[in-house]
Each structure stands twice: as structure tokens, then as C-alpha cells.
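Here's the letter readout for the chains.
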Amino acid sequence: MKRYLPFLIVVVVALVTFGSAFALYRARKPAPLKDAAASGLHVRGKANAPLTIEEFGDFQCPPCSIMAGLLKQIEDEQGSKVRVIFHHFPLAMHVHARAAALAAEAAQEQGRFWEMHDVLYKEQSLWAKATEVEPLFEGYARTIGLDVERFKKDLAKPEVAARVDADHELGASRGVTSTPTLFLNNVALKPDAMNPTALHKAIETALEGKDKPKHE
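This text gives an overview of the structure that appears in the document. Computed from a predicted structure; not experimentally measured.

**Some thoughts on the nonpolar core**
Okay, so step 1: Membership of the largest hydrophobic core comes to 41 residues, with the highest contact counts inside it found for Ile 53, Phe 59, Met 116, Leu 120, Phe 137 and Leu 199.
Okay, so step 2: Elements with a contribution of two residues or more to this core: β2 (51–57), α3 (62–78), β3 (82–88), α4 (97–108), α5 (113–122), α7 (134–143), β4 (181–184) and α10 (196–211).
Okay, so step 3: If we skip the residues at most four places from it in the chain, Leu 120 touches Phe 59, Ala 100, Ala 104, Trp 127, Phe 137 and Tyr 140.
Okay, so step 4: Counting residues in each nonpolar core, the second largest holds six residues, with Phe 56, Phe 89, Leu 170 and Val 176 among its members.

**Observations concerning the packing of α4 against helix α9 (residues 158–173)**
Okay, so step 1: Contact pair α4 / α9: the axes reach a minimum separation of 9 Å and the direction vectors enclose 120°. As the angle between them shows, α4 and α9 are arranged oblique. As for how α4 packs across α9, the hand of that crossing is right-handed. Of the residues in α9, those touching α4 at Arg 98, Ala 101, Leu 102, Glu 105, Ala 106 and Gln 108 are Val 160, Ala 161, Arg 163, Val 164 and Asp 165.
Okay, so step 2: For the contact of α4 with α9, a count of residues per class yields six nonpolar, one polar and four charged.

**Observations regarding the packing of α4 against α5**
Okay, so step 1: The N-to-C vectors of α4 and α5 enclose an angle of 150°; their axes lie 7 Å apart at closest approach. Comparing the axis directions of α4 and α5 gives the class roughly antiparallel. The chirality of how α4 crosses α5 is right-handed. Facing α4, whose interface residues are Ala 100, Ala 103, Ala 104, Glu 105, Ala 107 and Gln 108, α5 presents Phe 113, Met 116 and Leu 120.
Okay, so step 2: When its residues are assigned to classes, the contact of α4 with α5 shows seven nonpolar, one polar and one charged.

Criteria and cut-off values
- Along each chain, the written sequence defines residue order, and numbers are assigned to residues from 1.
- In keeping with the model being predicted, local features are shown solely for residues with a pLDDT of at least 70 and side-chain atom pairs are shown and tallied solely at 80 or more, while totals for entire chains, interfaces and linings include all residues.
- To get the side-chain values, take all heavy atoms of the structure and skip hydrogens and water.
- To define a nonpolar core, start from buried Ala, Val, Leu, Ile, Met, Phe, Trp, Tyr and Cys residues and group those joined through side-chain atoms within 4.5 Å.
- A simple rule labels every residue: compare its accessible area, found with a 1.4 Å probe on the protein chains alone, to the largest value its type can have, and call it buried under 20%, exposed over 50%, or partly exposed in between.
- Where helices and strands are cited, they refer to DSSP runs of H or I of at least four residues and of E of at least two residues respectively, numbered from the N terminus.
- The contact rule is simple, with two residues in contact once any of their heavy atoms fall within 4.5 Å.
- The axes are straight lines fitted to the C-alpha atoms, using for helices just the contacting stretch, and the angles between their N-to-C directions are given from 0 to 180°.
- Note that the term roughly parallel is reserved for angles under 35 degrees, roughly antiparallel for angles over 145, roughly perpendicular for angles of 65 to 115, and oblique for everything else.
- Left-handed describes a crossing whose near helix is turned anticlockwise from the far helix by less than a right angle; the clockwise case is right-handed.
- Each residue receives one of three labels: charged for Asp, Glu, Lys and Arg, nonpolar for Ala, Val, Leu, Ile, Met, Phe, Trp, Tyr, Cys and Pro, and polar for the others, Gly being one of them.

Here you go:
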């Protein structure tokens, strides 16, 4: 028995190592698209809406500012038929984009994400050109009724930054490389399909498909 003891120890250690590595792989393995898609913290609209529009956006991106207005118009037009989900995807080329995303998440800590989302896009042309954006963001926080001292503390929370990073990683895992990127019911739209006319057409087509009766 002693002859085989070293061999048995090697086998046991190998099995334990393999099991640990497999468990780690399972833990790190990205969630399937059907689980990762159409979910998010920042949602406007009913959960049972037939059409879900997901946006991966950058607050310093001028086309994203235009898209924000267009999506709000679509929400008003379609009512309960549409829900909109916003994911952060700050681009490295925009120097203040990540700071703006953090400001929106800090506002989320007081239940005011969408209010900060709207004011950041509305005032984009001002803060995007500023050298220091913190005083401007604090002013926006005050304007939308936040406790500014709490807002400043929340900006430094690791979990606030983690939510921005998680959104960015989700976008990268789904092939997002630019902003705005839209998904209609988990299907990515091509860039040339995101002008007002084409987007309205895509939404109408998606809703028509949902309204058609299913045949046995």
C-alpha cells in the first residue's frame, strides 16, 4: 500500500485541482444572452411591454443626446407597448463620459437616475466642454432635488463604479463597440437603422410581429 501512496496523493490532488478549476470557470462564464439581455437597473415602462428597447449609451456622445429625445418621443407615442432600458457604455475618447455615468449612478442612490440622465443630456453641450465637471454635476444634483452632500459621497462608492463597469462589460459581451447602440427585443439594430424614420419603422415591424396571432 505504501508503494502506491504517493501515486494516490497525486491523483487526489489532481482531481481537487480540476474540480476547483471547473468551478471557477463556471463562476466566470458569462451569462447566456437570454439571461443577460433585456435586463437592467434603469428601466422605464412596464415589464410586460411587448417591445423592449435597450440602449447602450455615453452621456458625452452627441448622437446619444439626440437618441435620448427620440426614445422619449417613442415612449410617449407607444405608451404601455414599450419599455426602455439604459446601460452605460462610456467611451474612452470622451474625457468626461465616465464621470457623467458615475454622477447618474450616484443619483440612482437617491432614486433619481432618470432625472440625472435627462439633465446630463440636456446640458451636454455645456459640461462636455468644461475643464472640471464636478461643480456642474453637483449643481445638477441640487436642481433635481438630491441631497448634494450625500451625492458627493456616493460618487466615491465602489458599488457605484462597479455598476458602470458591469454595464460596459455587458455591452462588450454583446458586441457593442459604439454609442448609441440599440437592441429591440434582444436584436441589435445596425447603425443606419437608428435614424428617426428607420427606427420608427423597426419598432412598428417589431410590434406587428408581436400582435400577429400564433397558429397551432
